[in-house]
Amino acid sequence: MEEIREDLDMDIAPGTRASDAERAAVVEQLGRHLAEGRLTTTEYDERAAQVYATRTREGLHVVLTDLPELAKDTAPRRTSRIPIWQRIEGSAWFGVGLLCLAIWGMISLAAGELTYFWPFWVIVPWGGVLVFRMLTGWESVDCGGHPRAR
């Protein structure tokens, strides 16, 4: 985003056309200013409409002139090595496993002795499949054997 502002601050030949990516970057900056309370929703709507209506880079620069530069995001983004769908499946497995253990525990308590440990047949096979899929990367390959595009 700051690159767009820096590009706009450079000596630009009058009438230089703005690209869709530059317009989107300016609207994103306006959205951050809106989120930080510098703009009202009405002002944001008016400026966004002006951004999409402008054809030149100078017009994009005009929309941002009375707003301060945004601080760069220096906080590193935390990324997980485990894809979201595997985290969801793991959470479901954990929750269902706890539920099965609780039911088995209540049945054993009501019977006054430890009953057959049937939660094994829910927890172990399902967990094994999840571990297999995670370790082999089986889900990240499409039907043709090629890695999926992300």
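Keep in mind it's a predicted model, so treat the numbers as computed, not measured.

The rules behind the values
- Residues numbered from 1 in each chain as written.
- Predicted model: local features only at pLDDT ≥ 70, side-chain atom pairs only at ≥ 80, totals over all residues.
- Heavy atoms only, no water.
- Helix = DSSP H or I, 4+ residues; strand = E, 2+ residues; numbered from the N terminus.
- Buried < 20%, exposed > 50% of the residue type's maximum accessible area, 1.4 Å probe, protein only.
- Contact = heavy atoms within 4.5 Å.
- Areas by Shrake-Rupley, 256 points an atom, 1.4 Å probe, with all protein chains shown as cover.
- Phe/Tyr/Trp six-rings, centres within 6.5 Å; stacked < 30°, edge-to-face > 60°.
- Axes fitted to C-alpha atoms, helices over the stretch in contact; angles between N-to-C directions.
- Parallel < 35°, antiparallel > 145°, perpendicular 65-115°, else oblique.
- Nonpolar A, V, L, I, M, F, W, Y, C, P; charged D, E, K, R; others polar.
- Expected span 1.5 Å × (residues − 1).
- Arc of directions from axis to C-beta.

Enquirer: Hey, could you go over the overall build of the chain for me, with residue numbers and the actual values?
Expert: Looking only at helices and strands, one finds six helices and zero strands in the chain. From first element to last, N terminus to C terminus, the chain shows the α and β order α-α-α-α-α-α. For the chain, the residues scored as buried account for 26% of the 150 residues in total. For the chain, the share of sequence-separated contacts (at least 6 apart) that also reach a separation of at least 24 residues comes to 63%. Taken as a whole, the chain presents about 10,900 Å² of accessible surface, with 62% of it coming from carbon and sulfur.

Enquirer: Got a sec to walk through the packing of aromatic side chains? Specific residues and values, please.
Expert: For the coordinates displayed, the defined rule picks out two aromatic pairs. Where Trp 104 meets Phe 117, the ring centres are 4.9 Å apart and the plane angle is 90°; that geometry is what we call edge-to-face. On the criterion of sequence distance, the pair formed by Trp 104 in helix H5 (residues 84–111) and Phe 117 in the loop between H5 and helix H6 (120–136) is long-range, its members being 13 residues apart. Classification of Trp 104 by relative accessible area gives buried; the value is 15%. When the centroid spacing of 4.9 Å and the interplanar angle of 90° are considered together, the rings of Phe 120 and Trp 121 count as edge-to-face.

Enquirer: I'd like to hear about the packing of helix H3 (residues 41–53) against helix H4 (residues 57–64), residue by residue, with values.
Expert: The interhelical angle for the contact between H3 and H4, taken along N-to-C directions, is 170°, at an axis separation of 9 Å. Judged by the angle between their axes, H3 and H4 are roughly antiparallel. In this structure, H3 uses Arg 47, Gln 50 and Val 51 to contact H4, whose residues at the interface are Leu 60, Val 62 and Val 63. Considered class by class, the residues forming the contact of H3 with H4 number four nonpolar, one polar and one charged.

Enquirer: If you had to explain H3 to someone new, which residues and values would you point to?
Expert: An ideal rise of 1.5 Å per residue puts 18 Å on 13 residues; H3 measures up with 18 Å between its terminal C-alpha atoms. Taken together, the buried positions of H3 are Tyr 44, Arg 47, Ala 48 and Val 51. Looking straight down H3, one finds that the buried residues subtend no more than 105° of arc, so they occupy a single side. Those residues of H3 that are exposed and angled more than 90 degrees off the buried face are Glu 46 and Ala 53. On its buried side, H3 packs onto helix H2 (20–35) and H4.

Geometric descriptors of this kind do not, in isolation, establish any biological role.
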